[in-house]
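# Fold and geometry: a report
Residue-level listing of the chains:
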Amino acid sequence: MLKISVLKVENPSCLWGRPIWGLSGDVETSELYKKLHFQMNLFYRGAKQDMRTLKPTSLEEGRVYVVYWAVKKSWCRAVVESIFVDSVSCQAWCFLVDHGEQVVVPSEQIRVAMENFLQLPFGVRRFHLAGIKPTTLRVSLLEEKAELKPSARWDSSATLFLHKLLQASTLKEAVLLEPESDSTPIKLYVTIGDIKICVNDDLVAKRFAYYSTNSTDGLEEGDRLPVMLSSSILTQSVSLVSNKPTAQTQPPSGKQIYELWLTALSTCCFDPCLICLKCGCWWFLSQQPVCLQVQRKQYSTLSPADCYSWPAVARGCHTLVISSSADQPLSYLTPLLTHIMLNSIFTSHTSSSGPIAVLLCPGWEKVQAVYDLLGVSKVSQKLHPTTVLLGIGKDEAKSVKIPKNCLLLVTTPFSLVRLLSCHCFLFLRLCHLVLDEADQLVSLAPDEMTTILQHFQVTSDKESDSCPPQLIVVAKRWTNHMEGLLSTYMPCPSIVISVPEEAALYGNVQQVILMTLEISKISVLLGTLGFSPDVGQKTLIVANSFQEVDDVFKAVSTRSVFCLKIHEGLTHDIDFVLEQWKKDIGPGTHVILVTTDDCLKGLDIRDATCVVHYSFPSSPKLFGSRLFCMAENFRNFSKSSAVTRSVLLISERNARHVIGVLRYLERANALLPPELLTFAQGVQMANEDQKTDRHLCSHLKSFGVCRNNGICPERHRFISQLDQSKLPASGVIEVVPLYIKTASVFYGRIVEKEDGGFEKMASEMASYYAEKKLGAKKLLEGGLYAVQEDDVFHRVKLLSVPDRGDRLFFSVLVCFIDMGKEEEVKSHQILELPEQFHSLHEQAVEIVVCRVKPIDSETSWHPKVTRAISQKIRGLQHRARVVLSLGNTVFVDPMVRVTQIPGMKTVINEYNVQAEILKTGMGIRNQEHVDLLRALCEENSSSKDDDNITSLEDVRITAEEEVLANNFKAPDLSPLEAMRSGNQSLVPAPTDHLVPVCDQNSQSESEGGFGQRNTDKKSAEQMESFHPLIRWYQTHDSAIVTMKLANPENQRCDFYSDRVIYSGSVNGRFYRADLELHYKIAADVCCWEMKSNEPVLKLVKQQPGPWDKLLRNKGEAEDGVPNGKILKAQRRLSVTVIDGI
């Protein structure tokens, strides 16, 4: 046997070491290599060396060079394995042949290897333990047992066991066998005390491995039983875990499992991962107590998804989890950190820098939440988690620095892609990638996710088997993008879906929607069922009541021999029905079971191939429980499965309730009838109009759109009675921002030159309270009081007064009516406000800066942007152009800080607020902002009485249900043919930037409430005509007007000296614009033509010169120069000009 020095262990199949030759053994060998390294460092650090001859002109893979190793601060021999170039520099992935390490080296630190430095053989060789292969513990959740199985890679416990043996040994010897490719097989022997142990045999004895010379899979029946290792790994006694069933038949609850996990994590010593199977539940013992007391409070029990996903995550498997609690980071952090602390932190390449795990979150708020959780855990002391949120500023990504000891990075897909573009070499040892709320990630950043996953796939191919790649996908909803994730990036994944309706989407259940009259449901049902299928079918028909079950059973049994029924009145037949249902069926057989939702829970059916919803499901949860009856036939990516169908019957009685499952059906790619979609949109609009007690959505005002329109509780429709404003709707105003809510939304005062009422009141208040400060004797909700902040006294309104009980001191919520902010103040700070200070109206106005929004599809501004803008503008007077006003909100574009030069009338613009936001790199332009707001006002400007809003909406919905029922009726057609015929929509489809043409006299009639129908012929013609969106600009001698219509037909344009009339049609809809011009034109030389598929009118001016407006009536247009501005025709042809300062 030959003595051997083991320098590094990756796993039993990858050991780096060197044989010890000669009498002096390891001492003599080490001296030779020390001398070599001394000579190399002396040579390459020499100041007299010519760098032009030492630096290679180009790098070649597989060639030996001398590189600078920053860890040892030494020049070493290395083989270049791969070369990659990014936007910053050229890097090389090198293997240090004398140290067994892999490092990333910049090309500037690579030198040509001189001939005299290549005489000595490479200092390390690769060995592997001969004749053995790894095993792993596999669990069957259904059979509730575990057994050892051959594995493609070594478990971390085997690697740690080998580490312990080598550390405890005093002598290491090996028998060298015939070399195989780049590795030499050995039989390794270690001496511990007076005992010599063959490591190969000991790994087999401890069940970490099996002999590869055995037949079949190498494991005998007795070898498949797992073993329990004691706390001392070198003196343990091996005991088999009995596979006999225990007396306890019910598995522990999620809370019990969680407590076991916490106890194990916080009490056990550092040992290999001890895995036990007890009553079908797993727990893992680890050194690190990754769960803290704060986690006990926030996450006191495991959900069903956690019970199944935690073992997979903790063992390093690719895992996809669809759960209702997926938005809680603790649902995956605990097992992930356990695995990292046990395995990855020891087996990843320690010679290269960069994180080994990256957590991707959909936005900066979730990034901060995850980072805060990591910050309070003990793992932060070893993993050093870091967040990176990059803007789009020039060179921002290049200048970012990630700490060298950072092993866990939390960021967003956009920021990570920017990092990869400049620092891709920092992520070469990435082996854990977590997609938090993956359904949002793939929808908001699809291109970025593709780039990240491709990089992860490339880097994971370079990692050794000891640290295999792990991709964790956590989401609340299944999306089609996840199919690509599973097939391309997640081999052999563990898939856990705890939401039945999402499992149906994964299972590719085909959704069929049939619309019918209530009286025709049975006939439509019979036409849907195939009673002689080519393959055996099992169909469930779910009804609401006993009577429906009996009626459906009676009708179906006349067509099918194998028809069963069960409901609450036939519970004595359950055993018979289940026995018949579970029988094997052959081709041409169709078994049909008619039942109710309550009975379905007790039947525990999972092998149906079709579910017919005869009664409409009242909620998505109930809908999912029905679909789960086909679980055994759901599509599985690993094997073929039967086609499953869900047939949903919709009648006029349950059309109101279709909103609950409509979004789900859209995600299932079901073909939805157009009249059903239009009706659902009408109901949603009616629900919005009933939000009369809600404010207009803050996201809608800030950015023009609300991403969460379906679940946002705020109002998303313009109601004139609620949003009518007394503030300026146009012109230039002076504002003083006092409270900065976000980077683009402030509260402040509008400064009026003629009126100094506020300054006078503030001065009087200061004088009054300088003499006496009377505390409020009685606090009334809605009352006006005063509060002192520093040396300033503010008027406040009490918003809420808590029940003080026996407390002497308490806090109340107040609104500073002259600043706009709301906050809690101590009750003893509330001062009485004299009546003379009540008369002045509230000064606080909401100011929204338009045409800017956050980058990366964020829904809110990053705090650093808000902080920067607050420091810049708070308390300073600015000049702004008003483009719109709604309620107590003014929308300005632009908003600038203006300073007058002393002694002169000249003013200069110090800065533009929009430009300051963009300079931070965290914002981009939002050009559609004002257009979207104006379109919102125009589409919803019909007048309604506040008292009749609810009743009018009910009338509308009822009327539309009647139309829905009428649309189902088609003479001389069967119910199925009537369903398939294209019926007219219930409500006119919403039109963008279109309003009905009507004169002043007929306006009130056309603006009536929902559900009203005007049968007058003239009104009907008016409702069929619309104004197009108009864009115009002017030159010195002409005005150019563009009608925003795509490829119109039947066009006509008439020019008069003071008027232009245009008409045309698009997709069967007639458009007409009658423009009464403010200035005269030369009608005989005016013309029109088609440009970019749009009609363009050229109006030649009679008198050359600038026009201050287009239309005659001054009230219909805003003053200003409209070059390049958008005009939108409103009722009575009023035109709004979006102008600049």
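Under an unreviewed UniProt entry, the name given to the protein is RNA helicase, and the source organism is Oreochromis niloticus. The protein has a UniProt comment under Catalytic activity (unreviewed entry) that states "ATP + H2O = ADP + phosphate + H(+)".

## Re the overall build of the protein
The secondary structure content of the protein amounts to 33 helices and 54 strands. The buried share among the 1141 residues of the protein stands at 51%. Put simply, 67% of the contacts in the protein that link residues at least 6 apart link residues at least 24 apart. A total of about 54,700 Å² of accessible surface is found on the protein, and carbon and sulfur atoms cover 50% of it.

## Section: the pairing of strand E1 (residues 2-11)
Along any regular strand, the residues point their side chains to alternate faces of the sheet. Of all 10 residues making up E1, 7 are buried, and the element is well covered by its neighbours. One ladder, built from 2 bridges, connects E1 with strand E11 (residues 171-176); its direction is antiparallel. Paired with leucine 2 across the two strands is alanine 174, which belongs to E11.

## Details of the packing of helix H21 (residues 620-627) against helix H22 (residues 659-667)
Taken N-terminus to C-terminus, the directions of H21 and H22 make an angle of 50°; their axes are 9 Å apart at the nearest point. One way to sum up the angle between H21 and H22 is to call them oblique. When H21 is examined against H22, the residues Pro620, Phe623 and Leu627 are found in contact with a partner set consisting of Gly660, Val661, Tyr664 and Leu665. Of the residues contributing to the contact of H21 with H22, the split by class is 6 nonpolar, 1 polar and no charged.

## Let's talk about the sheet that holds strand E35 (residues 792-800)
The strand order across the open sheet built from 5 strands is E37-E36-E35-E34-E38, with neighbouring strands paired in antiparallel fashion. In this open sheet, the two edge strands, each paired with only one partner strand, are strand E37 (822-826) and strand E38 (831-832). In terms of strand pairing, strand E34 (residues 784-789) meets E35 through 6 bridges, oriented antiparallel. Residue tyrosine 785 lies in a different strand from E35, and its bridge partner there is valine 796. Across the sheet, helix H26 (residues 757-771) is in contact with E34, E35 and E38; its angle to E35 comes to roughly 95°.

## Examining the sheet that holds strand E21 (residues 386-388)
The pairing of strands in a sheet happens through backbone hydrogen bonds and is either parallel or antiparallel. As summarised here, the arrangement of the 7 strands in space is E21-E22-E20-E23-E24-E19-E25, forming an open sheet in which the pairing is parallel. Edge positions in the sheet fall to E21 and strand E25 (494-497), since each has one partner strand and no second. Direction aside, neighbouring strands of the sheet carry axes that sit 15° apart on average. In the sheet, E21 pairs with strand E22 (residues 408-411) via 3 bridges, with the strands oriented parallel. Residue pairing for E22: valine 388 is matched across the bridge by threonine 411. Contacting strand E20 (357-360), E21 and E22, helix H9 (residues 364-375) runs over the sheet at an angle of about 150° to E22.

## Examining the environment of arginine 1072
For arginine 1072, the location among the structural elements is in strand E50 (residues 1069-1076). We classify arginine 1072 as partly exposed; its relative accessible area is 30%. For the pair formed by arginine 1072 and tyrosine 1062, sequence separation is 10 residues and the distance between their alpha carbons is 5.7 Å.

## A word on the side chain of lysine 1101
The residue lysine 1101 is located in the loop between strand E52 (1094-1100) and strand E53 (1125-1129) in this model. It is aspartate 1037 that comes nearest to the buried, bridge-free lysine 1101 among opposite-charge side chains, at 6.9 Å. At 2.9 Å, the side chain of lysine 1101 and the side chain of glutamine 1034 are in polar contact. Within polar-contact distance, the side chain of lysine 1101 engages the backbone oxygen of glycine 1105 at 2.6 Å. Those residues in contact with lysine 1101 that sit more than four places away from it in its chain are Gln1034, Thr1035, His1036, Asp1037, Ser1038, Ala1039, Lys1080, Ile1081, Pro1106 and Trp1107.

Each value, and the rule that gives it
- Residues numbered from 1 in each chain as written.
- Predicted model: local features only at pLDDT ≥ 70, side-chain atom pairs only at ≥ 80, totals over all residues.
- Heavy atoms only, no water.
- UniProt positions renumbered as here; feature names shortened; annotations may be inferred.
- Helix = DSSP H or I, 4+ residues; strand = E, 2+ residues; numbered from the N terminus.
- Buried < 20%, exposed > 50% of the residue type's maximum accessible area, 1.4 Å probe, protein only.
- Contact = heavy atoms within 4.5 Å.
- Areas by Shrake-Rupley, 256 points an atom, 1.4 Å probe, with all protein chains shown as cover.
- Pairing = 2+ DSSP bridges.
- Axes fitted to C-alpha atoms, helices over the stretch in contact; angles between N-to-C directions.
- Parallel < 35°, antiparallel > 145°, perpendicular 65-115°, else oblique.
- Nonpolar A, V, L, I, M, F, W, Y, C, P; charged D, E, K, R; others polar.
- Lys, Arg positive; Asp, Glu negative; His and termini not counted.
- Salt bridge = Lys/Arg side-chain N within 4 Å of Asp/Glu carboxyl O.
- Polar contact = N/O pair within 3.5 Å; in protein donor to acceptor, adjacent residues only side chain to side chain.

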